[in-house]
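# Structural features, examined
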Amino acid sequence: MNFLRQQVTALTRRSLFLSERCYPIRYDSNTSKDGDDKKKTTESDVFDNKLMVRDSFDSIADKTKNSYLTMVDIFLDRDVHRRNHVEFIYAALKNMESFGVHRDIEVYKALMNVMPKEKFIPRNIFQAEFMHYPKQQQCMIDLLEQMEDNGVMPDFEMQDILLNTFGRRGHPTLKYMRMMYWMPKFKNSSPWPLPNPVPNDALELAKLAVTRMCTVDLHSNVDVYDTSEVESSIDETWIVSGMSQEQSKLLALHSVDRPLRIEGPNLIWLRNQSLNYFILKGDPVEYPENQAQDEDDDDVSNLSFTKFGWASSKKKEVAVRRSVHEQRDGTIYAICATGTSTKDSLLSWIRLLETNGNPRLAEIPVLFKFRSHVAENLLASG
């Protein structure tokens, strides 16, 4: 018991000493006015330095990768002790997208090197478990999370930087190890691979989107039309249309009395790019249900036995198999994406489908059913 009391007393004294060193106590009664003025001056200088760190990236007119790395080098050369390095890293992370470097692994390495080396490495198990220097470790964890959100794959050079900064038991190092385990597994797991980076051209983006959606039917054809082929068209733009032979057959069997609907705009994301698309849809097709009665397995009043075992008295009927385009809420006949996403471009799409192997559209009325306001231009961000 005495040994435990001595250990608790020693730990209490050590914690008080660390708290006083990290958070010094202010003595209002024993301090002089000169000390107060000096303290106020120091606090104002620290505030000005933090404000200068936060506003330094906003004041740059030429926002490129070279200017971004130059700002990092200026901060490293300005002060040997690297004061306010956490505030600088957070400000740099906030402005990465405006400089266009949020997917550049070299820039993330430069920000990691802002942290002082060997100072935040835990020396014992208690420091490792209780997150030694939590502010700095959380800052580096936020940096790694931003890398993960932007799809940036870490490399082994980052491992060396983290080991020299936080040690093997540091929380950022553990975060890095989890990223290196999971990110390579999911990097190429998508069955619809996309180029990295995704093209900024709206037409190329529409081709990728429509081709990706048409993979539900391997016989689908993706065609690119120009509205100038339609005489009565007003908008001069392109149209990317996707339709399969099975959809053409279903459209040929569609009744003239039931109108078709153009629904949209729907939104599809290709990594960081978004796109509006529309679908040509009809009412669901009703097939006759199977009239056979279900058997009661517990009913033993009318049993039948054959040479090979028990026989079933259920009548077997041939059921019609629905295609993948015949959904419960309707039948999808075609999809498209246009350069302007306007009603006139969609009307030109119907005319182009009619002249390219779907003459049935000339007899079927087509209605517009918009879910939201249609933008004048293609909704593509990035």
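Just above sits the structure.
I will try to describe carefully the structure that is included in this document. (Residues numbered from 1 in each chain as written. Predicted model: local features only at pLDDT ≥ 70, side-chain atom pairs only at ≥ 80, totals over all residues. Heavy atoms only, no water.)

The next point concerns the overall build of the protein chain. Counting its regular elements, the protein chain contains 13 helices and nine strands. Burial analysis of the protein chain (382 residues in total) assigns 36% to the buried set. Long-range pairs, those at least 24 residues apart, make up 71% of the contacts in the protein chain between residues at least 6 apart in sequence. Within the structure as shown, the protein chain displays about 25200 Å² of accessible surface, and the carbon and sulfur contribution to it stands at 52%. (Helix = DSSP H or I, 4+ residues; strand = E, 2+ residues; numbered from the N terminus. Buried < 20%, exposed > 50% of the residue type's maximum accessible area, 1.4 Å probe, protein only. Contact = heavy atoms within 4.5 Å. Areas by Shrake-Rupley, 256 points an atom, 1.4 Å probe, with all protein chains shown as cover.)

Relative orientation of the contacting elements helix α6 (residues 105-112) and helix α9 (residues 156-166) amounts to 10°, with a least axis distance of 10 Å. The angle between the axes of α6 and α9 places the two elements in the roughly parallel class. Residues I105, Y108, K109 and M112 of α6 form the contact with α9, whose participating residues are E157, M158, I161 and L162. Residues of the contact of α6 with α9, tallied by class, amount to six nonpolar, no polar and two charged. (Axes fitted to C-alpha atoms, helices over the stretch in contact; angles between N-to-C directions. Parallel < 35°, antiparallel > 145°, perpendicular 65-115°, else oblique. Nonpolar A, V, L, I, M, F, W, Y, C, P; charged D, E, K, R; others polar.)

Moving on, we come to helix α12 (residues 245-252). Within α12, the full set of buried residues consists of Q247, L250 and L251. Take α12 and look down its axis: the buried residues cluster within an arc of 100°, on one side only. For α12, the exposed residues set more than 90 degrees away from the buried face come down to Q245 and K249. Residues of α12 that are buried sit in contact with β2 (238-244), β3 (260-270), β7 (326-327) and β8 (330-338). (Arc of directions from axis to C-beta.)

Examined against the element boundaries, N266 turns out to sit in strand β3. For N266, a relative accessible area of 10% gives the class buried. Discounting residues that sit within four places of it in the chain, N266 has contacts with L275, N276, Y277, I279 and R371.

Moving on to unusual backbone geometry. With an omega of 5°, the peptide bond between N196 and P197 qualifies as cis. Locating P197 in the fold gives a position in the loop between α10 (171-187) and α11 (202-213). The omega torsion across G264 and P265 is -5°, close enough to zero to call that bond cis. Although it is not a glycine, N84 adopts a positive phi angle of roughly 60°. Using a relative accessible area of 17% as the deciding quantity, one classes N84 as buried. Phi angles above zero are rare outside glycine, and Y133 is one such case at about 55°.

Its 13 residues give helix α13 (residues 343-355) an end-to-end C-alpha distance of 19 Å, which sits within 8% of 18 Å, the value for a rise of 1.5 Å per residue. For α13, the elements touching its buried residues are β1 (220-226), β2, β3, β4 (273-282), β8 and β9 (366-370). Where α13 terminates, the next one or two residues include G357, which has phi positive at roughly 95°. (Expected span 1.5 Å × (residues − 1).)

The next subject is a nonpolar patch on the surface. On the surface, I125, F126 and F130 cluster together into a nonpolar patch covering about 410 Å² of accessible area. By secondary structure assignment, the location of I125 is in helix α7 (residues 125-129). (Patch = residues over 30% accessible without salt bridge, like charges linked within 9 Å, V, L, I, M, F, W, Y side chains within 5 Å. Salt bridge = Lys/Arg side-chain N within 4 Å of Asp/Glu carboxyl O.)

Quick look at the environment of K369 now. Looking at the element boundaries, K369 is found in strand β9. For K369, a relative accessible area of 47% translates into the label partly exposed. Between the C-alpha atoms of K369 and G264, which are 105 residues apart in sequence, the distance is 6.9 Å.

On to the environment of M183, then. Relative to the helices and strands, M183 resides in helix α10. Look at M183 and you get buried, because its relative accessible area is 13%. Separated by 35 residues in the primary sequence, M183 and E148 place their C-alpha atoms 8.2 Å from one another. Excluding residues that lie within four positions of it along the chain, M183 makes contacts with E148, G151, V152, M153 and P154.

Membership of the largest hydrophobic core comes to 37 residues, with the highest contact counts inside it found for Y68, L111, M112, L143 and M147. Secondary-structure elements contributing two or more residues to this core are α3 (65-78), α4 (85-94), α5 (96-99), α6, α8 (134-149), α9 and α10. Examining the composition of this core, we find that six residues originate from one element, α4, more than from any other. If we ignore the near neighbours within four places in the chain, the residues touching Y68 are F57, A92, L93, N95, M96, F99, V101, V107 and L111. L250, I262, I350 and L353 belong to the second largest nonpolar core, which has 20 residues in total. (Core = buried A, V, L, I, M, F, W, Y, C linked by side-chain atoms within 4.5 Å.)

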